[in-house]
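Here's the letter readout for the chains.
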Amino acid sequence: MDRIRPALFLDRDGVLNVDKGYVSRVEDFEWVEGAKECVKAFNDRGWWVFVVTNQSGIARGYYTEEDMRVLHDHMSAELAKTGAHIDRFYHCPFHEEGEIARYRKDSFDRKPKPGMLMSAMADFPVAREKSFLIGDKQTDIEAAHAAGVGGFFFTGGNVHQFAEWALADFEDGAR
């Protein structure tokens, strides 16, 4: 069993990749500046790194879960080239107004609810009190707080620099 360690939770669209609206194809994917360096820096610190992402485009019928997996595999391959990795991708394909019946429902995993973060903390030995999330929407921050971890609101720029600032701020007591 792995030792208990902190986790960095990252939203995907708008934090790791440029949010172009329902990004689901490799050819539409573009890393946010500093994203790969951010993941590597936290890997090198010995932190867990998780992606927690609402993917309502699946419920809306814009793309499939398989399309999303292909994109996540691409992200993983790109990260591996820099010696970085995501420990696990968590996603929520559900939306109450979805077009696809099997995905049309309320879900505890859909942010601002904390389900994806809680699942990660159940699946891995996470030091909750030392962990935080970086997101670009208020719902991300609400999910972090509901899960009992810190939350930092990313508004753009270099996400690696932002994460380093967030870590310093978090260690000083900001949550």
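Residues numbered from 1 in each chain as written. Predicted model: local features only at pLDDT ≥ 70, side-chain atom pairs only at ≥ 80, totals over all residues. Heavy atoms only, no water.

*Asks:* Would you take a moment to explain the pattern of salt bridges for this structure?
*Replies:* Close approach of charged atoms lets side chains of opposite charge pair. Scanning the model with the defined rule gives 14 salt bridges in all. When the shortest N-O distance is used, the salt bridge between Asp140 and Lys111 registers 2.7 Å. Within this pair, whereas Asp140 is found in helix H5 (residues 138-147), its partner Lys111 is found in the loop between strand E3 (88-92) and helix H4 (115-123), the two being separated by 29 residues in sequence. Across the pair, exposure class does not vary: Asp140 and Lys111 are buried alike. Members of the salt-bridge network, linked through shared partners, are Asp11, Lys111 and Asp140. (Salt bridge = Lys/Arg side-chain N within 4 Å of Asp/Glu carboxyl O. Helix = DSSP H or I, 4+ residues; strand = E, 2+ residues; numbered from the N terminus. Buried < 20%, exposed > 50% of the residue type's maximum accessible area, 1.4 Å probe, protein only.)

*Asks:* Please clarify how the nonpolar core should be interpreted in this entry.
*Replies:* Residues Phe42, Phe132 and Ile134 are the most contacted members of the largest nonpolar core, which totals 32 residues. Put simply, the parts of the chain that give this core at least two residues each are strand E1 (7-10), helix H1 (35-44), strand E2 (48-54), helix H3 (65-80), strand E4 (132-135) and helix H6 (159-171). Setting aside chain neighbours within four positions, we find Ile134 in contact with Leu8, Phe9, Leu10, Asp11, Val15, Phe152, Phe154, Val159, Phe162 and Ala163. (Core = buried A, V, L, I, M, F, W, Y, C linked by side-chain atoms within 4.5 Å. Contact = heavy atoms within 4.5 Å.)

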